[in-house]
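Okay, here's what each chain looks like letter by letter:
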Amino acid sequence: MISLMPLLVLAAGCNNSDGTPGSPASPGSPVAGSAVTGSSGPLVVYCAHDQAFSDPILERFTRQTGIEVHVRHDTEATKSLGLVNRLIREKSAPVCDVFWNNQVLTTTDLLPHDLLAGYRGSGWQRIPDAYKDPEGRWCGFAARLRVWIVNTRAMPATVEAVQAASSGKDLSRMAIARPLFGTTLTHYCLLWHADAGRTLKAWHAETRRRGLIEVPGNSTVKNLVARGTCDLGWTDTDDFFVALDDGHPVAMLPVRLPGGQTVCMPNSVAIIRGTPRLADARLLVDFLLSEQTELDLARCASRQVPLGAIDEASLPADVRRLRPLIEQGIDLAELGASRTACLAWLRSEYKR
Amino acid sequence: MSLEVECGWTLLRALAVALLATPLAMLLVVVIKSATPRTRGWLILALAVPFLTPGFVVGYSYSNLTLDLVRTPILNELFYDLLLLIEVVPVGVLVLGMAPPPPLGPTARWCTRLTGPQRLRQVASCGRLRQLGYGPARNLVPAAGLMALLVFHEFEIASLFRVIAGGRLTPASWSNALFELIALQQLGQTAPWELWRFGWLPLGCSLILLTPVLLLAWTAIGRDGKMPPVRGSQSSPAASRAASLWLIAALLLGTIIPLGSLVQDGVPGLSSLWGENRHQLGRTLAHAGRSLLPAILVASIAAGVALGLLKHKRLGLLLLLLTIPGLLGGLALGLVLTFCVLALAEPLGLGHSVAGLVLGQALWLLPRAVLLLVLLAVVPRRESMHLARLMQQAPGGPQRTAGWRLVWQLAGRRVAWMIGLLCWWAYLELTLNELLAPPQWLSVAHRMYQQMHFGRNAALSTTTLVVVLVPVAVTALLVTVSRMIPGPASRARPPASQTENA
């Protein structure tokens, strides 16, 4: 009977009709010591975040809660779109319980399909309003930034040098990921948003004509620049730090949009409506949105920037330097229509 | 590049590689057939090893090299084509080596040429094309078709090599294009079955490439249920040297260099896996073990179905029909089954089921199972088996155990090797895993392949090495154990006359 008490307390905390918990767990240790919550079978998580970084987090969740987690990852080539389509296809018989996306945009694509269940738990409450759905259907955490990665042996990592290199006649030493998927798609959508795609279309055609290299993913961009095959490229901070830690001669500069804003892309998490493991799913969501997880993601090789309140002193120096840039990030919430239009154009451009 | 254009380029590549591979396969068949039995074994081994080396491991090993070729797409394409050539030549050798001799042999063709078309009116009236059809083309076209089909369906290496330089994409690959289209299907707005609108072209190409080999198989099975041997011809020393050179190059590029670089990258990491990251090693080994279990299951199903159907001559057509889905490739098969599972998911509760994956992989393995059955001559002569089974029912203990041993020698050992090979393929299969496996059944190879898209690193090389070595180690262990156990026949060997008669 005594061993069942935590379950009853947790269940009571999770089962309010609006999804708000009865007594939010304290930040930093949202689920420590809790036991399995009467669910049936393991928790199924669809995860678009890189395996190397997400697996240790999910393993820690299993160690702390005893809840087994089965993960389906996305490939680098079809980042997050593959999983989003799978979720939509499986709508009538959902397999997934929790969707951990590596960005916000494709998660919000699920809203019109009524696939996401609202939950405003302890984790949701600690994240600033700018990065979450008011109804708790998704919530952002641990962000990355879009950056220029530069090989410092080939060129100086200054704004002027990058501008000169990226506007030169020969772009065969500049690389980007194919913009059909992932954060490069978000980057393209932001450029599209500025003037309904006019500048982007011209730029895209021109850079291709000048020999721009397009590869399957951001990590390949990082590899090309780190190995010196290319001099510069677009990637995300997590990939940049991997190259830096490997001892490659690389430096980064934040990508800035015409308005001067940076491009900040938080992870996002959502519970799939109709999951039979709702209590476990909520535990995982609170766990991912906790201070401890944000801190873990900041301290690991990917150096993701926490969005919620956190002890600054506990953050690595690299992450502390990135925090002000996150605050300059553009609001991605307005991108909906632009994204649809941009994706349609890209589809016609690449698959014509 | 549209799917149609990518399909066209993939087909062009498939035909070009098959065109190059066919004379190579012909040469190798002649050299292998004229070699001494001992040398023949080594030649076959050298031929088989690159074919059995997983494509994604080869692609991963060379991924850094292709990064260096990013600005020279033609070299990137040519290198990819060379790897494909290495991979498919063994299949051509297999088909040419096993196919029955064509009705119009070299002697007949020689006679036609000597006597002139006027004298051999019946042959002359066939026309040149039909003469070819009854002659060398009867086996060469199916061999080339099957090799082209394999090249046409390759995506593992293509996916790891794919870049666009200045708007020019290499290597083109319809499978990758279709996968991207699926990902881009307007976020679920397009019904999955509408993808067939895009998929008919690759499917049609596959069927065309497949038809000659199906026709050949049908005529061969129709004859006697088994392939008659081809008379060996003598190879010249120059041909032997050329064949040896090719085999060494294929072994080097297709297996030794990729695995060697993996070892070079991965071995330093093994000590760390054994030390501070032991839990990670444990997790990888456990995942590899979990992936082996369904692989054994589907391999056994495919072997059982192939064995059962091949035994009955009247079921030949059914067997042939059942092999077609597997021959059309994992992607086409996976898409069909995905739609079936989706349609049945709600009414039958198949959403979380592994049934689709098992069915898909069993169908995918079936053509390989049939090929192995014929190649390894797994179906023993009926008389021999009958006598061995009679011995199994003998009242005396020693005779009965000798009967069991005979059955093992006649069929069991070969079946075990066949299941082992099928298991290897199922363990490394990616497409059906991606499309059909519930999250808890996703294989360790699938996980590795996904990580390979993030580029090469030492930790991944170590894990890949472990993942590839697990089935090899299990096989080595089983073989060693089976040899260490004293066989019943070593205690009670049947009289020599009995075994000879059997």
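Residues numbered from 1 in each chain as written. Chains lettered and ligands numbered in written order. Predicted model: local features only at pLDDT ≥ 70, side-chain atom pairs only at ≥ 80, totals over all residues. Heavy atoms only, no water.

Participant: Looking at this structure, how should I read the overall build of chain A?
Facilitator: Scanning chain A from terminus to terminus reveals 14 helices and 10 strands. Put simply, chain A has 352 residues, and 62% of those count as buried. Within chain A, contacts between residues at least 6 apart in sequence are counted, and of these 74% link residues at least 24 apart. Entry remark: accessible area of chain A is about 12,600 Å², with carbon and sulfur atoms responsible for 56%. (Helix = DSSP H or I, 4+ residues; strand = E, 2+ residues; numbered from the N terminus. Buried < 20%, exposed > 50% of the residue type's maximum accessible area, 1.4 Å probe, protein only. Contact = heavy atoms within 4.5 Å. Areas by Shrake-Rupley, 256 points an atom, 1.4 Å probe, with all protein chains shown as cover.)

Participant: Explain the overall build of chain B to me, please; I cannot follow it from the model alone.
Facilitator: Of regular secondary structure, chain B possesses 24 helices and 2 strands. With 502 residues in all, chain B has 49% of them scored as buried. Accessible surface, chain B: about 23,800 Å² in total, of which carbon and sulfur atoms supply 68%.

Participant: When you look at the state of the cysteines in this model, what are you seeing that I'm missing?
Facilitator: Two cysteines, two sulfur atoms, one covalent bond between them: this is a disulfide. This model, assessed by the stated rule, comprises 0 disulfides over all chains. We note that Cys205 of chain B lacks a disulfide partner, and the nearest cysteine sulfur, in Cys7 of chain B, lies 4.1 Å from it. (Disulfide = S-S within 2.5 Å.)

Participant: I tried to follow unusual backbone geometry on my own but got confused; where do I start?
Facilitator: One can expect most non-glycine residues to show negative phi and most peptide bonds to be in trans. With omega at -15°, the peptide bond leading from Thr170 of chain B into Pro171 of chain B counts as cis. Within the secondary structure, Pro171 of chain B is located in the loop between strand 2 (168-170) and helix 11 (174-183). One non-glycine residue, Asp114 of chain A, lies in the positive phi region at around 55°. Along the chain, Asp114 of chain A turns up in the loop between helix 4 (105-108) and strand 4 (116-117). By relative accessible area, which is 48% here, Asp114 of chain A ends up partly exposed. If you check the backbone angles, Arg303 of chain A has positive phi at about 45° while not being a glycine. According to the relative accessible area criterion, Arg303 of chain A is buried, its value standing at 10%.

Participant: Teacher, can you tell me more about the pattern of salt bridges here?
Facilitator: Oppositely charged side chains can form a pair if their charged atoms are brought close together. Residues and elements named next belong to chain A. In total, this model carries 27 salt bridges over all chains according to the counting rule given. Put simply, Arg208 and Glu214 hold a salt bridge, and the shortest N to O gap is 2.8 Å. The partner of Asp318 in a salt bridge is Arg321, and the shortest N-O contact between them spans 2.7 Å. Pair noted here: Asp318 and Arg321 are both in helix 13 (residues 317-327), with a separation of 3 residues, about one helical turn. If you follow the salt bridges from partner to partner, you end up with Arg144, Arg146, Asp236 and Asp238 in one network. (Salt bridge = Lys/Arg side-chain N within 4 Å of Asp/Glu carboxyl O.)

Participant: Hey, could you run me through a nonpolar patch on the surface in this one?
Facilitator: Residues Ile248, Leu252, Ile256 and Ile257 of chain B make up a contiguous nonpolar surface patch of about 340 Å² in total accessible area. Residue placement: Ile248 of chain B occurs in helix 13 (residues 237-274). (Patch = residues over 30% accessible without salt bridge, like charges linked within 9 Å, V, L, I, M, F, W, Y side chains within 5 Å.)

Participant: Explanation requested: empty space enclosed by the protein in the structure shown.
Facilitator: Which parts of space are left empty comes out when a probe the size of a water molecule is rolled across the atoms. Using the criterion set out here, one finds 8 cavities of 30 Å³ or more in the structure. In this model, the second largest cavity occupies a volume close to 180 Å³. Surrounding the second largest cavity, 15 residues form its lining, Thr220 of chain A together with Ser63, Leu67, Leu160 and His453 of chain B being those nearest its centre. Residue assignment for the lining of the second largest cavity shows that the elements contributing at least two residues are helix 9 (218-226) of chain A together with helix 4 (63-68) and helix 10 (156-161) of chain B. Broken down by element, the lining of the second largest cavity gets its largest block of residues, 4 residues, from helix 4 of chain B. (1 Å grid on protein atoms, 1.4 Å probe; cavity = no way out; pocket = protein on both sides within 12 Å on 5 of 7 lines; lining within 4 Å. Points joined across faces, edges and corners; volume = space filled by probe spheres on them.)

Participant: Please clarify how the packing of helix 7 (residues 182-195) of chain A against helix 8 (residues 198-209) of chain A should be interpreted in this entry.
Facilitator: Packed helices, taken two at a time, are described by the angle their axes make and the gap between the axes. Residues and elements named next belong to chain A. Axis separation between helix 7 and helix 8 bottoms out at 6 Å; the angle between their running directions is 130°. Here helix 7 is positioned oblique relative to helix 8, judged by the angle of their axes. Taking contact as the criterion, the partners of Tyr188, Leu191, Trp192 and Asp195 in helix 7 are, on helix 8, Arg198, Thr199, Leu200, Lys201, Trp203 and His204. Of the residues that constitute the contact of helix 7 with helix 8, the class distribution is 5 nonpolar, 2 polar and 3 charged. (Axes fitted to C-alpha atoms, helices over the stretch in contact; angles between N-to-C directions. Parallel < 35°, antiparallel > 145°, perpendicular 65-115°, else oblique. Nonpolar A, V, L, I, M, F, W, Y, C, P; charged D, E, K, R; others polar.)

Participant: How should I be thinking about the pairing of strand 5 (residues 139-151) of chain A in this particular structure?
Facilitator: The side chains of a regular strand alternate between the sheet's two faces. All names here are of chain A. For strand 5, the tally of buried residues reaches 13 of 13 residues, placing the bulk of the element in the interior. One ladder, built from 6 bridges, connects strand 5 with strand 10 (residues 264-272); its direction is antiparallel. Note on strand 10: the bridge partner recorded for Leu145 is Cys264. When strand 5 meets strand 8 (residues 232-236), the two strands line up antiparallel, connected through 5 bridges. By the bridge assignment, Arg146 is partnered in strand 8 with Asp236. Where strand 5 and strand 9 (residues 250-254) come together, 5 bridges link them in antiparallel fashion. Bridge pairing in strand 9 places Val147 opposite Pro254. (Pairing = 2+ DSSP bridges.)

Participant: Any chance you could explain helix 14 (residues 336-350) of chain A here in plain terms?
Facilitator: For an α-helix the count is 3.6 residues per turn, leaving residues at separations of three or four pointing the same way. A rise of 1.5 Å per residue sets the reference length of helix 14 of chain A, with its 15 residues, at 21 Å; its end C-alpha atoms lie 21 Å apart and thus fit the reference within 8%. Among the residues making up helix 14 of chain A, those that are buried are Ser338, Arg339, Cys342, Leu343, Trp345, Leu346, Arg347, Glu349 and Tyr350 of chain A. (Expected span 1.5 Å × (residues − 1).)

Participant: It is not clear to me how the interface of chain A and chain B should be interpreted in this structure. Could you clarify?
Facilitator: Where interface size is given, it is often the accessible area lost as the parts come together that is meant. The partner chain B presents 50 residues to the 53 residues of chain A that form the contact. Here chain A meets chain B over a buried area of about 4,500 Å², counting both sides, of which 54% is carbon and sulfur. Across the contact surface, chain A and chain B share 4 salt bridges. A salt bridge links Arg227 of chain A to Asp68 of chain B; the shortest N-O distance between them is 2.9 Å. At the boundary of chain A with chain B, the tally comes to 13 residue pairs in polar contact (both at pLDDT 80 or more). Elements supplying a minimum of two residues to the side of chain A that touches chain B: strand 1 (43-47), helix 2 (51-65), strand 2 (69-73), helix 3 (81-89), strand 7 (213-215), helix 9 and helix 14 of chain A. With 6 residues, the top contributor of residues to the side of chain A that touches chain B is helix 3 of chain A. Across the side of chain A that touches chain B, the residue classes tally to 19 nonpolar, 14 polar and 20 charged. Across 2 bridges, strand 7 of chain A lies against strand 1 (residues 163-165) of chain B in antiparallel orientation. (Buried area = accessible area lost by both parts, 1.4 Å probe. Polar contact = N/O pair within 3.5 Å; in protein donor to acceptor, adjacent residues only side chain to side chain.)

Participant: Would you mind showing me how to read the confidence of the model for chain B here?
Facilitator: Detail in the predicted coordinates should be disregarded across regions flagged by low pLDDT. Residue and element names in this part refer to chain B. Within chain B, residue pLDDT values average 81, and 83% of them lie at 70 or more. Across chain B, the element-wise mean pLDDT spans from 44 in helix 24 (residues 496-501) up to 93 in helix 1 (residues 3-34). Note that residues 224-230 has pLDDT below 50 and, in this model, 17 contacts with residues that lie over four places away or in other chains. Across residues 488-502, where pLDDT falls below 50, the model places 17 contacts with residues more than four positions away in sequence or in other chains. Among the prediction metrics, the complex's ipTM stands at 0.76, with pTM recorded as 0.81. (pLDDT = per-residue confidence, 0-100.)

Participant: Hey, could you run me through the side chain of Ser172 of chain A in this one?
Facilitator: Tracing the backbone through its elements, the reader meets Ser172 of chain A in the loop between helix 6 (159-166) and strand 6 (174-177). Here the side chain of Ser172 of chain A touches Asp170 of chain A through a polar contact of 2.9 Å, side chain to side chain. Beyond its immediate stretch of four places on either side in the chain, Ser172 of chain A contacts Arg210, Gly211, Ile213 and Cys230 of chain A together with Arg71 of chain B.

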